[in-house]
Amino acid sequence: MKFFKTFFIYVALFLIPAIASAYSPQATNNTYGLFVAGSGYELPSTYFQQQTLSKYEGGSYNYVLNTTPINMSGGTYIQQTSQWRSSQLTQYPGSSWYKEYVAGFPSFTELYGNQGQCVAFAKAMTQDTNGAVATWKASDYVIPQVSQWYYSDISSQYAGKMVAYFGNNVPIGTGYPPNSYASIGHVGIFLKYAYTQELVPGTLYYRYRIIGFWIADENYEGTANSNNPDGKIRKHLILINPIPNGNGTRLAHTYAGQYRFVNI
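Residues numbered from 1 in each chain as written. Predicted model: local features only at pLDDT ≥ 70, side-chain atom pairs only at ≥ 80, totals over all residues. Heavy atoms only, no water.

A. Inspection of the overall build of the protein chain at higher detail. Along its length, the protein chain carries five helices and eleven strands. Each of the 264 residues in the protein chain was classed as buried or not, and the buried ones make up 46%. For the protein chain, contacts bridging at least 24 residues in sequence account for 63% of all contacts bridging at least 6. Carbon together with sulfur atoms contributes 55% to the accessible area of the protein chain, which is approximately 13400 Å² in total. (Helix = DSSP H or I, 4+ residues; strand = E, 2+ residues; numbered from the N terminus. Buried < 20%, exposed > 50% of the residue type's maximum accessible area, 1.4 Å probe, protein only. Contact = heavy atoms within 4.5 Å. Areas by Shrake-Rupley, 256 points an atom, 1.4 Å probe, with all protein chains shown as cover.)

And the structure:
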């Protein structure tokens, strides 16, 4: 009996540091704030061009980041704006990984990595330079699996955290990327929740139900290899029930309810 008690204590002490060492990569407010209107750190809206998603889903709540203000000739280059220069994107890895895979559109590419990928953007935004995405594990769902009503916006609790699609209905601890050729992994930065609002009967208060979330990411419309990435950085809305594209389809990673926060 004493042996088992000693063994249990040893295992428990061994596991505590391992559990405590897990963390969720998170961008600072002056970095994720580049993509959030009203944050105090946002880039001018003229740097974002609204475009309708077309490849993996539909919907017009999608804004592509440009290197200079749209409809302006000779506008300030994005890396010269005070907002960009005060963010962590001016530090490594962002300062070294910045590219323009498509002329006129900012992008990040890991050294010796495929061009214009979502992983490079997520690492640059969070300053997480861990080279092995295999260390990324699925944590809690971004959107609670049981529908809930809220009396205030809870976005600030999670803003800037790294989120990813690990696969459909996967358990906590699942590794990235999805282990399936039918599933395209995707990672980005959580910005805020999107809600529907309803007036509580007999009161002057509104309650909110989450319908999706806003994400900042790269290469959402491209491929996960070097042959056809679009490499573009976007802020866009991912819905629980995504809008079908022109072909009437919605790929697995377009469903907001399947995204999880990332732990390392």
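B. Up close: the environment of proline 25. Checked against the element boundaries, proline 25 lands in the loop between α1 (2-20) and α2 (29-32). Once the C-alpha coordinates of proline 25 and tryptophan 136 are considered, the two residues, 111 residues apart in sequence, prove to be 9.7 Å apart. Setting aside chain neighbours within four positions, we find proline 25 in contact with Thr126, Asp128, Gly160, Lys161, Met162, Val262 and Ile264.

C. Quick peek at the layout of surface pockets. Estimated volume of the largest pocket: approximately 370 Å³. Looking at the largest pocket, it is lined by 23 residues, and the ones nearest its centre are Gln117, Cys118, Val119, Tyr176 and Ala224. (1 Å grid on protein atoms, 1.4 Å probe; cavity = no way out; pocket = protein on both sides within 12 Å on 5 of 7 lines; lining within 4 Å. Points joined across faces, edges and corners; volume = space filled by probe spheres on them.)

D. Representation of a nonpolar patch on the surface in the model. A cluster of nonpolar side chains, namely Tyr92, Leu111 and Tyr112, defines an oily patch on the protein surface of about 430 Å² accessible area. Turning to its location among the elements, leucine 111 is positioned in the loop between β4 (105-108) and α5 (118-126). (Patch = residues over 30% accessible without salt bridge, like charges linked within 9 Å, V, L, I, M, F, W, Y side chains within 5 Å. Salt bridge = Lys/Arg side-chain N within 4 Å of Asp/Glu carboxyl O.)

E. Up close: the side chain of serine 107. Turning to its location among the elements, serine 107 is positioned in strand β4. There is a polar contact of 3.1 Å between the side chain of serine 107 and the side chain of glutamate 218. A polar contact is formed between the side chain of serine 107 and the backbone oxygen of glycine 231, at a distance of 2.9 Å. If near-sequence neighbours (up to four positions away) are discounted, serine 107 is found in contact with Trp97, Tyr98, Lys99, Tyr101, Gly116, Glu218, Gly231 and Ile233. (Polar contact = N/O pair within 3.5 Å; in protein donor to acceptor, adjacent residues only side chain to side chain.)

F. Broad picture of the pairing of strand β8 (residues 186-199). Across four bridges, the pairing between strand β7 (residues 162-165) and β8 is antiparallel. In the strand pairing of β8, alanine 164 is matched with valine 187. As paired strands, β8 and strand β9 (residues 206-218) are joined by eleven bridges and run antiparallel to one another. Pairing of tyrosine 195 across the sheet is with isoleucine 210, part of β9. Taken together, β8 and the strand that follows it, β9, pair antiparallel across an intervening segment of six residues, in which glycine 202 is found at a positive phi of about 80 degrees. (Pairing = 2+ DSSP bridges.)

G. Region of the structure containing the pattern of salt bridges. Under the criterion given, the structure shown has three salt bridges. For arginine 207, the salt bridge goes to glutamate 198, with nearest N and O atoms at 2.9 Å. Judged by relative accessible area, which is 32%, glutamate 198 ranks as partly exposed. The salt bridge partner of aspartate 230 is arginine 234, with a shortest N-O separation of 2.7 Å. Each member of the pair aspartate 230 and arginine 234 is classed as buried.

H. Seen up close, α5. Summarising burial for α5: nine of the nine residues are buried, a large majority. Every buried residue of α5 is listed here: Cys118, Val119, Ala120, Phe121, Ala122, Lys123, Ala124, Met125 and Thr126. Of the residues flanking the end of α5, it is glutamine 127, one or two places downstream, whose phi is positive at about 65 degrees.

I. Seen up close, empty space enclosed by the protein. Under the defined criterion, the tally for this structure stands at one cavity of 30 Å³ or more. Estimated volume of the largest cavity: approximately 70 Å³. Lining the largest cavity are Leu53, Glu57, Gly58, Gly59, Ser60, Tyr61, Leu237, Leu239 and Ile243. Split by residue class, the lining of the largest cavity holds five nonpolar, three polar and one charged. (Nonpolar A, V, L, I, M, F, W, Y, C, P; charged D, E, K, R; others polar.)

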